[in-house]
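Chain by chain, the residues:
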Number of protein chains: 2
Amino acid sequence: MSQARHGSHSDGCSKDDIVGVIAPNIHATYEMHFGVPMAQAVLCIINHYYDVQTLSDVLTNVAPKFLFVDHQFLQLTQQALQTVLNPPILVHISDRTPPQPEHEPARADYESLLRAADSYAEFEVKYPEDECEAISLTFTSGTTATPKPVVYSHRGAYLNAIASILVNEMIQRPTYLWTVPMFHCNGWTFCWAMPAVGGTNICQRSFSAKSVFDDITRHGVTHLGGPPSLLNMLARASEEDRKPLPHRVEMMTGGAPPPPQVVLELESMGFRVLHCCGCSETYGVATLNYWRPEEWDTLPPYERACLKARHGLKHPLMEEVDVKDPMTMRSVPADGVTIGEVMMRGNSILLGYYKDRAKSERAFEGGWFRHGDLAVKHPDGYIEMKDRKVDAIESGGEYLSTVDIEKVLYSHPDVFEAAVVGVKDEELGKVPCAVVKLKEGKVGDEEGIVGYCKERLPEKMVPRKLVFGEIPRVGSGKLQKKMVREMLV
Amino acid sequence: MSQARHGSHSDGCSKDDIVGVIAPNIHATYEMHFGVPMAQAVLCIINHYYDVQTLSDVLTNVAPKFLFVDHQFLQLTQQALQTVLNPPILVHISDRTPPQPEHEPARADYESLLRAADSYAEFEVKYPEDECEAISLTFTSGTTATPKPVVYSHRGAYLNAIASILVNEMIQRPTYLWTVPMFHCNGWTFCWAMPAVGGTNICQRSFSAKSVFDDITRHGVTHLGGPPSLLNMLARASEEDRKPLPHRVEMMTGGAPPPPQVVLELESMGFRVLHCCGCSETYGVATLNYWRPEEWDTLPPYERACLKARHGLKHPLMEEVDVKDPMTMRSVPADGVTIGEVMMRGNSILLGYYKDRAKSERAFEGGWFRHGDLAVKHPDGYIEMKDRKVDAIESGGEYLSTVDIEKVLYSHPDVFEAAVVGVKDEELGKVPCAVVKLKEGKVGDEEGIVGYCKERLPEKMVPRKLVFGEIPRVGSGKLQKKMVREMLV
């Protein structure tokens, strides 16, 4: 790690240079989280699931000085760079022995750079001059629009990394399995959190339900995290892929609220699901669902899982999180019914969108950061997210929560996963429709599933149309609702 | 708690006013840690063990606008105030129903003030304008000189409170027994740490070995802390006072390194001792002895306890801690032998000494805070404190560590506790002498104990004189070496 920094440093990397990385969750990607900031440069881990066009757009916009590329994504990157006017200096990250000097200059290989660097003792860390300087650029998920680079500061990263430790109840020497992509919020800032607690990182190029269960057993994994799709994958893993857990494993999830049924299945296996909410703009976690054992431990399992799916409260290092009426900027009543917009203030909120002043100003309108999440506030003060503003279905003059409809679909015994979107309707504006992926061996029975929903939802919330198929997702695992919509029209 | 703040706030407490408190570890003292800063005032918890003269000096120096006094210390305070020129407004903290208006104006009683205050909903928190503004004044222990008020900032208190959570491995909802006095570094900043983890505070006016074991059982205490004298008290509690621990209890200790024998006894009872070092100037914890299970778990118990007694490494939120030669300001070699001075830099180091610019400048000479601790650095980077600079015995041209001599005395089967100081000697400058308190029922055998030391220490380190009696301590539990010296000449 110490030498990784030096690798960037001595090779002409200077203050505020952007160092791009296109690589999966391998040790080099992890190490760059230290080497690059210690050279006063700005780290930019790029989503390796981008297509050539998106990657090309991102590289043109961000214009990194160096680009470290894992061999697996070299071809993709070279294609994308064909349309980039000022291409970066490429450094290969190779799994094999570094290439021989006669084939390729040594400086272009990550491991060779490290070997050529001075020792740790001689390396001088270049600290930021101001703690609010940029430490990294990270990208919004792109579920609703083109990915936008978000600027993180040293101060924000420091505080959110500590918050990640606290909310995950990490004590000394956790073992963290890297199922959260490092390109997503720098792995929810866990890249920086782990050394503070003497943690061990288990890096994997890719993973499956089987590999996750194997890693937990083999390496004694104590913590991992991921979007609801990861939870679903583990909860519904086949008997051959599963292994009994050797101890309780803490699993942090974020993004959309996890369907209660999935939480229930995971907890019966020995995971403890911690439901956090946040987004790229909040460095990962912003709120979490603090458990209230004295009131909730005795509830029936499904009710417990419903409570777990709530947004909860701000984490201890976030200053303020509230649900407000965006017109009046007044807090909504804590009645569990009135929908408002989630707004936040604090240290671990983006400095701004890179090179986009107008978007930055809009995001902080009224002095609060708003991400476009619609939620209610319960009498106990806990927030429950109802939808992304852009996802909520405006139907017959009111908002319908796609999340509430998905919850019912997930509880159906044949359903593996489901996604609900609004589809245009002449009479009502929009009506709910769903894409459903069935469990293996099940046959699509639209009528049966719709009937099941009718028994459990008000008429207006019952999906008008069901399509059976794969649910489209972006690289970070979040639903790509735009593509779901295309499947339904 | 919410109303406590308001109590101070509406009663004419304004920005930067100093609010003094003379009270033991009761709920009011705890609440003031929130009420006072939320009114932009500065909290000053005063050691209630001071004698009239010291208290009078401290009150004259600090000049609080308000002084909240527990009924137990009212008489002491009124005596001390007789020589204070501008006496503060007194507010009583009463255990009983507040006094009736006809006897005494209601505003002078803490609980009446709270009742008269507005509700939480109407209360407006006054945040500091700058995070480096003062949050509290706290006093140096006064083991070596008159207690000096140290200024803490909001920023430093925030970060050290989080560090206290991390180093104590506190997960959600710990139960903390208040054996550390709140007047000492605001209870090592645990006053502010507890709400961040949803903790329960067990406040006790005073405590004994029996009450500590009772509280652990009755309230499910998970964490407590205190100086080595507390550890000793618990380790050597009589059979009637002890209770078996219902679960592992984390015990943080600081100040002098705990004698290995004591650590050993406590761990066999089910405590886990965490040895931290720090001082009033570092908000409590500055370094801690991170345990290395893979190397140390298999060592014999006494060797394990010796390792545990080391200073260790900086905590994760402290920037730098080093052992340096104060003349050259170069780090001493990590050889476990070369003695240097402990120096630190970071956020949780005092802003300065109140109204004492000269002392503040001396403390930060060379750009590092130095507290006067002498230590060595081991090959693994861990620091081991050898002595306070003022305590180390300069004998025959070299420093002798009183700590190393005390370790041997503590391991003698008859010894309850021991304190070693240097006493003037014509030939060598100073020679080590000791005050020893024996276990109950034991008879002082000076020759036997000196002989025991001779078998285990180099000749120059063997105490020349032993006196049997009580070990004098200051209010925070630290040894008062000045008085030990007086017992030996």
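An unreviewed UniProt entry annotates chain A as Acyl-activating enzyme 1, peroxisomal originating from Acorus calamus.

### Considering the overall build of chain A
Within chain A, the regular secondary structure consists of 17 helices and 23 strands. Over its C-alpha trace chain A gives a radius of gyration of 23 Å, about what one expects of a compact globule, namely 23 Å for 489 residues. Along the first, second and third principal axes, the C-alpha set of chain A runs to 70 × 55 × 50 Å. Of all intrachain contacts in chain A linking residues separated by at least 6 positions in sequence, the fraction that spans at least 24 positions is 67%. Roughly 20200 Å² of accessible area belongs to chain A as shown, and the carbon and sulfur atoms make up 51% of that amount. The distance from the centre of the 51 positive side-chain charges to the centre of the 64 negative ones in chain A is 2 Å.

### Details of the interface of chain A and chain B
Taken together, the contact between chain A and chain B spans 20 residues of the former and 20 residues of the latter. Taken over both partners, the interface formed by chain A and chain B buries close to 1800 Å², and the fraction arising from carbon and sulfur atoms is 55%. Counting the contacts that link chain A with chain B gives 4 salt bridges. As a salt-bridge pair, Glu131 of chain A and Arg155 of chain B come within 2.8 Å of each other at their nearest N and O atoms. Inspection of the chain A/chain B interface yields 4 residue pairs in polar contact (both at pLDDT 80 or more). Contributing elements (two or more residues each) for the side of chain A that touches chain B: helix H6 (154-167) and helix H12 (293-296) of chain A. Looking at the side of chain A that touches chain B, the element that brings in the most residues is H6 of chain A, giving 6 residues. Residue classes in the side of chain A that touches chain B are distributed as 12 nonpolar, 1 polar and 7 charged.

### Section: the side chain of Ser94 of chain A
Residues and elements named next belong to chain A. With respect to the helices, strands and loops of the structure, Ser94 is situated in the loop between strand E4 (89-93) and helix H5 (110-116). The class of Ser94 is buried, set by a relative accessible area of 10%. Here Ser94 is in contact with His71 and Asp109, once residues within four sequence places are set aside.

### Remarks on the pattern of salt bridges
On inspection of all chains with the given rule, the structure shows 58 salt bridges over all chains. One salt bridge in this structure joins Glu295 of chain A and Arg292 of chain A, with 3.2 Å as the shortest N-O distance. For Arg310 of chain B, the salt bridge identified is with Asp380 of chain B, shortest N-O distance 2.8 Å. Taken together, the positions of Arg310 of chain B in the loop between helix H13 (301-308) and strand E13 (313-314) and Asp380 of chain B in the loop between strand E17 (369-377) and strand E18 (383-388) put the pair 70 residues apart, joining distant regions of the chain. Salt bridges linked by common partners bring Glu131 and Arg155 of chain A together with Glu131 and Arg155 of chain B together as one network.

### A short note on the packing of aromatic side chains
This model, assessed by the stated rule, comprises 24 aromatic pairs over all chains. Taking the centre distance of 4.7 Å and the plane angle of 20 degrees together, the rings of Tyr176 of chain A and Phe190 of chain A count as stacked. Here Phe190 of chain A lies in helix H8 (residues 190-196) and Tyr176 of chain A lies in strand E7 (residues 175-177), a separation of 14 residues in the sequence. Taking the centre distance of 6.2 Å and the plane angle of 65 degrees together, the rings of Phe213 of chain B and Phe271 of chain B count as edge-to-face. Pair noted here: Phe213 of chain B is in helix H9 (residues 209-219) and Phe271 of chain B is in strand E11 (residues 271-279), with a separation of 58 residues, a long-range link. Across the pair, Phe271 of chain B and Phe213 of chain B agree in class, each one buried.

### Regarding the packing of helix H3 (residues 52-62) of chain B against helix H4 (residues 74-81) of chain B
Residue and element names in this part refer to chain B. H4 packs onto H3 with a crossing angle of 65 degrees between their chain directions and a minimal axis gap of 8 Å. In this structure, the crossing between H3 and H4 has a hand that is right-handed. Contacts between H3 and H4 involve Val52, Leu55, Ser56 and Leu59 from the former and Leu76, Thr77, Gln79, Ala80 and Leu81 from the latter. Residue composition of the contact of H3 with H4, grouped by class: 6 nonpolar, 3 polar and no charged.

### Thoughts on the pairing of strand E21 (residues 415-425) of chain B
Residue and element names in this part refer to chain B. By the criterion of burial, E21 is predominantly enclosed, with 9 of the 11 residues buried. Across 10 bridges, E21 lies against strand E22 (residues 429-438) in antiparallel orientation. Bridging from a neighbouring strand, Gly422 pairs with Pro432 of E22. Between the antiparallel neighbours E21 and E22 lie 3 residues.

Cut-offs used in this document
Residues numbered from 1 in each chain as written. Chains lettered and ligands numbered in written order. Predicted model: local features only at pLDDT ≥ 70, side-chain atom pairs only at ≥ 80, totals over all residues. Heavy atoms only, no water. Helix = DSSP H or I, 4+ residues; strand = E, 2+ residues; numbered from the N terminus. Rg over C-alpha atoms; globule rule 2.2 N^0.38 Å. Contact = heavy atoms within 4.5 Å. Areas by Shrake-Rupley, 256 points an atom, 1.4 Å probe, with all protein chains shown as cover. Lys, Arg positive; Asp, Glu negative; His and termini not counted. Charge placed at Lys NZ, Arg CZ, Asp CG, Glu CD. Buried area = accessible area lost by both parts, 1.4 Å probe. Salt bridge = Lys/Arg side-chain N within 4 Å of Asp/Glu carboxyl O. Polar contact = N/O pair within 3.5 Å; in protein donor to acceptor, adjacent residues only side chain to side chain. Nonpolar A, V, L, I, M, F, W, Y, C, P; charged D, E, K, R; others polar. Buried < 20%, exposed > 50% of the residue type's maximum accessible area, 1.4 Å probe, protein only. Phe/Tyr/Trp six-rings, centres within 6.5 Å; stacked < 30°, edge-to-face > 60°. Axes fitted to C-alpha atoms, helices over the stretch in contact; angles between N-to-C directions. Left-handed = near helix turned anticlockwise from the far one by under 90°. Pairing = 2+ DSSP bridges.

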